[in-house]
Amino acid sequence: MVTTRALVSLLIVVGGAACGNIRLVEPTSTTVSLAGAHFTVEAREDGMGRRLAFHGYFYGYENRGGRTLIRHMDAGTVMVAGIVASRSDGPSGEAEYTLEVAPAAIPDRVLVTVGGSDEIASCSADIPLPVVRLGSGVIHLSSEHGLRVPLPSFASATGQRIDAMIRITGGHGTGAPTVVTLEKRVTEPELVIPASVLSTVPRGVGTLDIQLDGEYDMASSSACAPVVTVRAVTQVRRVARLE
């Protein structure tokens, strides 16, 4: 039984400017209907190792005393790529599911399977990742021809665009490395780094960092909730030789 005093201590403001006076409360009640789910899948690869991380939660809304409360909800067991995610309670008691593993390879898709509870039915979500297709060896960058990086059909499969962040570092041996960054929105299954960008980086050995970030709603392909918001992120680092 949660006392009034304890409940008040669990109230924190979240995103009030965008959605009015929305507050987060403890998730022990079963009187709130499921409104949505949010999953974040992040893959990192640097040539030396790989990490796959997941964070997810389910939520519903409650009106109380003129305030809109958002309540995280129990989803039972959640498995990510066949591995059970850890259930944890956030700073205000909200249920969250997390996982971080070192896979043998970064997959094109990550299957999230939800066991369900009294409030949430069992379901699954097959999440596509914006995988970067780079070889495992040194990447050769040409200041005359630029670089074209193949991407899987992530954008077309989800109907969404991908935000790309490219960071190229050269001149490591000079004591004052040059860092060039490029931000762009990708709508084709190919990431193009123009020759004009590469021409500003000193010749020699450097590093190439690419991050692809996509966010979309996959409720139409998953029965997990009326709204299933997914953020999928891939980060790749490679040794590069600028020529």
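This text goes with the structure placed above it.
On a predicted model such as this, the values are computed, not experimentally measured, just so you know.

1. Re the pairing of strand β4 (residues 50-64)
No. 1: Bridge analysis of strand β3 (residues 36-45) against β4 gives ten bridges, and the strand direction is antiparallel. The residue bridging arginine 44 from the neighbouring strand is arginine 51, located in β4.
No. 2: Counting the residues between successive antiparallel strands, the hairpin from β3 to β4 contains four residues, one of them, glycine 47, with a positive phi of roughly 90°.
No. 3: By the bridge criterion, five bridges tie β4 to strand β9 (residues 95-101) in an arrangement that is antiparallel. Across the sheet, residue phenylalanine 54 finds its bridge partner in β9, namely leucine 99.

2. A word on the state of the cysteines
Disulfide: a covalent bond formed between the sulfur atoms of two cysteine residues.
No. 1: Under the criterion given, the structure shown has one disulfide.
No. 2: A sulfur-sulfur separation of 2.2 Å characterises the disulfide bridge that pairs cysteine 123 with cysteine 224. Linking cysteine 123 and cysteine 224, the disulfide has an S-S dihedral of approximately 105° and is accordingly described as right-handed. Of the two residues, cysteine 123 is situated in strand β11 (residues 123-128) and cysteine 224 in the loop between β17 (204-217) and β18 (228-242); the sequence distance between them amounts to 101 residues. Summarising the burial analysis for this pair, cysteine 123 and cysteine 224 share the class buried.

3. Observations regarding the packing of aromatic side chains
No. 1: In total, this model carries four aromatic pairs according to the counting rule given.
No. 2: When the ring of phenylalanine 39 is compared with that of phenylalanine 58, the centres are 5.7 Å apart and the planes differ by 75°; the resulting orientation is edge-to-face. Of the two residues, phenylalanine 39 is situated in strand β3 and phenylalanine 58 in strand β4; the sequence distance between them amounts to 19 residues.
No. 3: In this structure phenylalanine 39 comes out as buried when scored by relative accessible area, which is 1%.
No. 4: Residue classification places phenylalanine 58 among the buried positions, given a relative accessible area of 1%.
No. 5: Judged by centre distance (5.7 Å) and plane angle (75°), the ring pair of tyrosine 59 and tyrosine 61 falls under edge-to-face.
No. 6: Classification of tyrosine 59 by relative accessible area gives buried; the value is 12%.
No. 7: Tyrosine 61 gets classed as partly exposed once you look at its relative accessible area, which sits at 44%.
No. 8: Ring-pair connections join several aromatic residues into one group, and the members of that group are Phe39, Phe54 and Phe58.

4. Considering the environment of valine 112
No. 1: Looking at the element boundaries, valine 112 is found in strand β10 (residues 109-114).
No. 2: When its relative accessible area of 0% is taken as the criterion, valine 112 is described as buried.
No. 3: Apart from the residues within four sequence positions on either side, valine 112 is in contact with Phe39, Phe54, Val78, Met79, Cys123, Ser124, Ala125 and Ile127.

5. Notes on the pattern of salt bridges
No. 1: Tallying each qualifying case throughout the model produces twelve salt bridges.
No. 2: Salt-bridge contacts for glutamate 45 lead to arginine 238; the nearest nitrogen and oxygen are separated by 3.2 Å. Here the residue glutamate 45 occupies a position in strand β3, and arginine 238 occupies one in strand β18, the gap between them amounting to 193 residues. Of the two residues examined, glutamate 45 and arginine 238, each falls in the buried class.
No. 3: Connected through salt bridges with shared partners, the residues Glu42, Arg44, Arg51 and Glu100 form a single ionic network.

6. Describing the sheet that holds strand β7 (residues 83-84)
No. 1: The sheet built from four strands is open, its strands ordered β7-β6-β10-β11 with antiparallel pairing. Bordering the open sheet on either side are β7 and β11, each of which pairs with just one other strand.
No. 2: The pairing of strand β6 (residues 78-80) with β7 spans two bridges and is classified as antiparallel. Residue pairing across strands places methionine 79 opposite valine 84, the latter belonging to β7.

The rules behind these values
Residues numbered from 1 in each chain as written. Predicted model: local features only at pLDDT ≥ 70, side-chain atom pairs only at ≥ 80, totals over all residues. Heavy atoms only, no water. Pairing = 2+ DSSP bridges. Helix = DSSP H or I, 4+ residues; strand = E, 2+ residues; numbered from the N terminus. Disulfide = S-S within 2.5 Å. Buried < 20%, exposed > 50% of the residue type's maximum accessible area, 1.4 Å probe, protein only. Phe/Tyr/Trp six-rings, centres within 6.5 Å; stacked < 30°, edge-to-face > 60°. Contact = heavy atoms within 4.5 Å. Salt bridge = Lys/Arg side-chain N within 4 Å of Asp/Glu carboxyl O.

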